[in-house]
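# Coordinate inspection notes
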Amino acid sequence: GAGVSQSPRYKVAKRGQDVALRCDPISGHVSLFWYQQALGQGPEFLTYFQNEAQLDKSGLPSDRFFAERPEGSVSTLKIQRTQQEDSAVYLCASSLNWVGVRGGSYGYTFGSGTRLTVV
Amino acid sequence: GQQVMQIPQYQHVQEGEDFTTYCNSSTTLSNIQWYKQRPGGHPVFLIQLVKSGEVKKQKRLTFQFGEAKKNSSLHITATQTTDVGTYFCAARSSGNTGKLIFGQGTTLQVKP
């Protein structure tokens, strides 16, 4: 598609409920990233994929967070047994690749995010 | 872990005044990227700087990468209300990873 698509746009979950957030990256973008953004803060890295391989998941806050990208395109971020501190905007981004030429990188294209509120 | 620090956190200016935000790292960066996030929106890629001392311009925006590749700045000349938003710098984490580390951002308010 023309941009990165995320769904749902808003999600309200009761504490303890499981949620699944979907990201549809730009077609042909090899790299896909998940970030968490709290109100008034910069995006915090969660995990990233190169095609279907999850190369770095060091930012996932706990084992309740799980991400997958089984066919190297659409990705899902799953949060089990949600807690109030999980309330945030979850941003997905894609890029042509994670490493560019001559020391550069490709810029990310972000989706509009999913605003998760845990009550 | 690696961090990028941004100052100031907030800046209020009168329309027509200039604005500058600064980004600093304790380690040498391979490159740095800048993003803009409008209120209620998502970050949008503006530019990337790679070379030591590099300066790039986009209309009223001037981006600079320090000689030691440890700091960067974004300067906006003659701000307009359309410049309102939060500006983030982001640097690739050290090591063989595609992870970008974002600064805390500088939120710009412009009074008409």
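Up top you'll find the structure we're talking about.
These remarks concern the structure in this document.

Rules used in this analysis
- The residue count restarts for each chain, going from 1 along the sequence in the order it is written.
- Chain labels run from A onward and ligand labels from 1 onward, assigned in the order the entries are written.
- Two thresholds apply to this predicted model, a pLDDT of at least 70 for residue-level local features and 80 or more for giving and counting side-chain atom pairs, whereas whole-chain, interface and lining totals are computed over all residues.
- Side-chain measures here rest on the full set of heavy atoms in the structure, leaving out hydrogens and waters.
- The way it works is that DSSP assigns letters per residue, a run of H or I at least four long becomes a helix, a run of E at least two long becomes a strand, and they are numbered from the N terminus.
- Put simply, the radius of gyration uses C-alpha atoms, and a globule should come to 2.2 Å times the residue count raised to 0.38.
- Burial status follows relative accessibility: with a 1.4 Å probe on protein chains alone, a residue under 20% of its type maximum counts as buried, one over 50% as exposed, and anything between as partly exposed.
- A 1.4 Å probe and the Shrake-Rupley method give the accessible areas. Residues count as covered only by the protein chains that appear here.
- A residue counts as positive if it is Lys or Arg and as negative if it is Asp or Glu; His and the chain ends are not included.
- Lysine's charge is taken at NZ, arginine's at CZ, aspartate's at CG and glutamate's at CD.
- We call a set of buried residues a nonpolar core when its members are Ala, Val, Leu, Ile, Met, Phe, Trp, Tyr or Cys and they connect through side-chain atoms within 4.5 Å of each other.
- Contacts between residues were defined by any pair of non-hydrogen atoms, one from each residue, lying within 4.5 Å.
- A simple way to read buried area is as the amount of 1.4 Å-probe accessible surface that goes missing from two parts once joined, with both sides added.
- Take a side-chain nitrogen of Lys or Arg and a carboxyl oxygen of Asp or Glu: if they are within 4 Å of each other, that pair is a salt bridge.
- Residue polarity follows a fixed list, in which Ala, Val, Leu, Ile, Met, Phe, Trp, Tyr, Cys and Pro are nonpolar, Asp, Glu, Lys and Arg are charged, and the others, Gly among them, are polar.
- In plain terms, two cysteine sulfur atoms within 2.5 Å form what is called a disulfide here.
- Here a polar contact is taken to be a pair of N or O atoms separated by no more than 3.5 Å, where protein atoms must pair a possible hydrogen donor with a possible acceptor and residues adjacent in sequence count only if both atoms sit in side chains.
- Working definition: rings of Phe, Tyr and Trp (its six-membered ring) pair if their centres are within 6.5 Å, and the pair is stacked with planes under 30 degrees apart, edge-to-face with planes over 60 apart, and tilted otherwise.

Along chain B, the regular secondary structure elements total zero helices and eleven strands. Taken from the N to the C terminus, the helices and strands of chain B come in the order β-β-β-β-β-β-β-β-β-β-β. Whereas a compact globule of 112 residues would reach a radius of gyration of roughly 13 Å, chain B reaches 14 Å, a difference of no more than 12%. Seen through its principal axes, chain B has C-alpha atoms that stretch 45 × 30 × 20 Å. Across the 112 residues that make up chain B, the buried fraction comes to 52%. Carbon and sulfur atoms provide 50% of the accessible area of chain B, an area that totals close to 5400 Å². The average position of the 12 basic charges and that of the 6 acidic charges among the side chains of chain B differ by 10 Å.

Residues and elements named next belong to chain B. Core analysis: the biggest nonpolar cluster contains 22 residues, and Ile-32, Trp-34 and Phe-63 have the highest contact counts within it. For this core, the secondary-structure elements that each account for two or more residues are strand S3 (19-25), strand S4 (32-37), strand S5 (44-49), strand S7 (61-65), strand S8 (71-76), strand S9 (85-92) and strand S11 (106-111). Aside from chain neighbours lying at most four places away, what touches Phe-63 is Trp-34, Leu-46, Ile-47, Leu-49, Glu-54, Val-55, Lys-56, Gln-58, Ser-73 and Leu-74.

So, on to the interface of chain B and chain A. Counting from both sides, the interface comprises 21 residues of chain B and, opposite them, 25 residues of chain A. Here chain B meets chain A over a buried area of about 1700 Å², counting both sides, of which 51% is carbon and sulfur. Of all residues in chain B, His42(B), Lys99(B) and Phe102(B) bury the most surface against chain A, accounting for 26% of the area lost on that side. Along the contact surface separating chain B from chain A lie one salt bridge. Between Asp56(A) and Lys99(B) there is a salt bridge whose closest N-O contact spans 3.9 Å. Mapped onto the side of chain B that touches chain A, the elements with two or more residues apiece are S4, S5, S9 and strand S10 (100-102) of chain B. Split into classes, the residues belonging to the side of chain B that touches chain A amount to seven nonpolar, twelve polar and two charged.

Below, the discussion takes up the state of the cysteines. All names here are of chain A. For the coordinates displayed, the defined rule picks out two disulfides over all chains. Shown here is the disulfide that connects Cys-23 with Cys-92, its sulfur atoms set 1.9 Å apart. Between Cys-23 and Cys-92, the disulfide has an S-S torsion of -65° and is therefore left-handed. Here Cys-23 is found in strand S3 (residues 19-24), whereas its partner Cys-92 is found in strand S9 (residues 88-95), with 69 residues between them in sequence.

Residue and element names in this part refer to chain A. Within the structure shown, the criterion is met by six salt bridges over all chains. A salt bridge links Asp-24 to Arg-22, with the shortest nitrogen-to-oxygen separation between them at 3.6 Å. When its relative accessible area of 29% is taken as the criterion, Asp-24 is described as partly exposed. One salt bridge in this structure joins Glu-68 and Lys-78, with 3.4 Å as the shortest N-O distance.

Right, let's get into the environment of Gln54(A). Residues and elements named next belong to chain A. Tracing the backbone through its elements, the reader meets Gln-54 in strand S6 (residues 53-56). Residues Gln-54 and Phe-33 lie 21 residues apart in sequence; the distance between their C-alpha atoms is 9.7 Å. Sequence-distant contacts of Gln-54, defined by excluding residues within four places in its chain, comprise Thr-47, Tyr-48, Phe-49, Leu-60 and Ala-67. A distance of 2.7 Å separates polar atoms of two side chains, one belonging to Gln-54 and the other to Thr-47.

A word on the packing of aromatic side chains. Tallied over the full model, the rule gives 17 aromatic pairs over all chains. Relative to Phe110(A), the ring of Tyr108(A) lies with its centre 5.8 Å away and its plane at 55°, an arrangement referred to as tilted. Classification of Tyr108(A) by relative accessible area gives buried; the value is 4%. Arranged with centres 6.5 Å apart and planes meeting at 50°, the rings of Trp34(B) and Phe63(B) form a pair that is tilted. Of this pair, Trp34(B) sits in strand S4 while Phe63(B) sits in strand S7, and the two are 29 residues apart along the sequence. As far as burial versus exposure is concerned, Trp34(B) and Phe63(B) are alike and both buried. Taken together through their ring pairs, the aromatic side chains of Phe33(A), Tyr35(A), Phe45(A), Tyr48(A), Tyr108(A), Phe110(A), Tyr35(B), Phe45(B), Phe88(B) and Phe102(B) make up a single cluster.

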